[in-house]
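Read off the chains here:
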Amino acid sequence: MNVIKYDVFPGGKYHCLTMSYDDGRDFDIRLAQIFRENGIKGTFHLNSNHFEGNKPGFVQPDQFAEVYAGHEISCHMYTHPFPTDNPDISVLEEIIEDRKVLEKASGYVIRGMSYPYGNYDERVIALCRAAGMEYSRTTKSTNDFKLPENFLAWHPTCHHKHNLMENLEAFYAPSRYNRLKLFYVWGHSYEFNNDNNWGLIEEFSKKAGGREDTWYATNIEIVDYVNAIRALRVSADRTMVYNPSAIEVWFTVNGNTVSVKPGETFKL
C-alpha cells in the first residue's frame, strides 16, 4: 500500500517563512525593500483611514505598487478599533470599508487581515468570515512552527523582538522527521526605528533569505496552498490523487516528492 504524506510545500520544500507587519507606517518602505533584497515575502496589514487627506507618516495608495511590490496588502480594520468592544454592524463596516479602499488601491481582492491590538473572540471570528476574510493573525506567539488549526485565529511564531534569532536557529535545526515547518514573524515597522535596531531585521533577512530549502510566501499564499493540500482526494486503494484546486500541489509518495497539477489526477 502506498504511503502518501502531505509533508512538503511547493517545490518539495519542508520550510516556509512569512512576515507580517501592521499599521502601514512609512517605515514599511525600508522594511519591504529589505525583504525584497533577500527574496523574502511579507504581508502588510493597513488601516485605510490613514489615507484620508494624505496623513503624514503613512504609506499612501499611490505608493502601493512600488512599496509593496512582491508582497501582500491586507486588512487591519478601517480605524484600528478593539473589535470585541464594537457591535456586529460596526465590526463588519470596519472590515468592509477597509477592504473597499485597499482593493481600489491595490487592484486585487483583499482576503485576509490581522486583529487590531490582537483583540478578538469567537463572535469577531464569525464576523470576519462573514466579511469575506479567509485568515486573520493574532498576537499570541507560539514559538513553534506548526500550521494553524484555524486560519481566522492564526497565531504567529513570534514577534521580531522576542527570540527571533533563536527561533531561526531552531527552524533550520536538523530533525528526524520531515514535516511542514512554518516560521511566522510579526511586528510593526516603526519599532525598528523606535528601538534603533534595523540591524536586527537586516541580519535576520540575510540569514533566512535566499535558501533553496525554503518557500517564501505571503499569508494568503500559505492559506491557498494549505487549503489546496486539504482539498486533495485520494482513492480508496491509494493509487490515485485528485487535485480539485486551482494550484499545483506537492506531496510525497513512499518518500518520493511528486506533484499534481490543478484539476488533474495523479496515478501512482
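The model shown is predicted, which means the values in this text are computed figures rather than measured ones.

Visitor: Explain the state of the cysteines residue by residue, including any values.
Guide: For the structure on display, the rule yields zero disulfides. The closest cysteine sulfur to the non-disulfide-bonded Cys75 is located on Cys128, 9.1 Å from its own sulfur. Residue class for Cys75 comes out buried when judged on its relative accessible area of 1%. Here Cys158 stays free of any disulfide, with the sulfur of Cys16 as its closest cysteine sulfur at 14 Å.

Visitor: An account of the sheet that holds strand β10 (residues 233-234) is requested, with residue identities and associated values reported.
Guide: Pairing in this open sheet of three strands is antiparallel, and the strands run β10-β11-β14 from one edge to the other. This sheet does not close on itself; its edge strands, each paired only once, are β10 and β14 (265-267). The pairing of strand β11 (residues 240-242) with β14 spans three bridges and is antiparallel. Opposite Val241, over in β14, you have Phe266 as the bridge partner.

Visitor: Before we move on, could you go through the pairing of strand β13 (residues 256-260) and cite the residues and values that matter?
Guide: Alignment of strand β12 (residues 249-253) against β13, held across five bridges, turns out to be antiparallel. Paired with Val249 across the bridge in β13 is Val260. Between β12 and β13, which follow one another and run antiparallel, lie two residues, and Asn254 among them has a positive phi close to 55°.

Visitor: Explain the side chain of Ser114 to me, using residue names and the numbers behind them.
Guide: Examined against the element boundaries, Ser114 turns out to sit in strand β5 (residues 112-114). Accessibility expressed as a relative area gives 0% for Ser114, which makes it buried. Only 3.1 Å separates the side chain of Ser114 from the side chain of Asp22, close enough to count as a polar contact. Excluding anything up to four places from it in sequence, Ser114 contacts Asp22, His45, Cys75, His76, Ser136 and Arg137.

Visitor: Could you give an account of the pairing of strand β2 (residues 15-22), with specific residues and numbers?
Guide: Buried residues dominate β2, accounting for eight of its eight residues. The alternating pattern of β2 places His15, Leu17, Met19 and Tyr21 on one face and Cys16, Thr18, Ser20 and Asp22 on the opposite face, and all of these are buried. With seven bridges connecting them, β2 and strand β8 (residues 181-187) associate as parallel partners. Bridged to Leu17 within β8 is Phe183. The pairing of β2 with strand β9 (residues 214-216) spans three bridges and is parallel. When the sheet's bridge partners are listed, Cys16 is paired in β9 with Trp215. When β2 meets strand β3 (residues 42-46), the two strands line up parallel, connected through four bridges.

Visitor: Kindly report on helix α4 (residues 122-130), identifying the contributing residues and their values.
Guide: Listing the buried residues of α4 in full gives Val124, Ile125, Leu127 and Cys128. Projected down its long axis, α4 shows its buried positions confined to an angular sector of 165°, all on one face. Residues Glu122 and Ala130 are exposed on α4 and point more than 90 degrees away from its buried face. The secondary structure elements touched by the buried residues of α4 are α3 (88-106) and β5. Between the side-chain oxygen of the N-cap and the backbone nitrogen of Arg123 there are 3.2 Å, and the N-cap of α4 in question is Asp121.

Visitor: Describe helix α7 (residues 198-208), and please don't skip the residues or the numbers.
Guide: Trp198, Ile201, Phe204, Ser205 and Ala208 are the residues of α7 that are buried. Buried residues along α7 cover an arc of 130° about the axis, so they all sit on one side. Elements that come into contact with the buried residues of α7 comprise β2, α1 (28-37), α5 (164-171), β8, α6 (189-194) and β9. Immediately downstream of α7, the backbone of Gly210 shows phi near 70°, a positive value.

Reading the values: rules and limits
Throughout, residues of each chain are indexed from 1 in the direction in which the sequence is written. Per-residue local features of the predicted model are confined to residues with pLDDT of at least 70, and side-chain atom pairs are confined, for both listing and counting, to 80 or more; whole-chain, interface and lining totals are unaffected and use all residues. In computing side-chain properties, one takes all heavy atoms of the structure into account and sets aside hydrogens as well as water. Note on terminology: disulfide denotes any pair of cysteine sulfur atoms within 2.5 Å. Accessibility here uses a 1.4 Å probe with only protein chains present; expressed as a share of the type maximum, an area under 20% marks a residue as buried, one over 50% as exposed, and anything in between as partly exposed. Note on pairing: DSSP must find at least two bridges between two strands before they are called paired. Helical segments are the DSSP runs of H or I of at least four residues, strand segments are the runs of E of at least two, and each set is numbered from the N terminus. Under this definition, polar contacts are N or O atom pairs within 3.5 Å; protein pairs additionally need one hydrogen-donor-capable and one acceptor-capable atom, and for neighbouring residues in sequence, both atoms have to be side-chain atoms. Whether two residues are in contact is decided by their heavy atoms, any of which lying within 4.5 Å being enough. Throughout, the arc means that of the directions going from the helix axis to the C-beta atoms.

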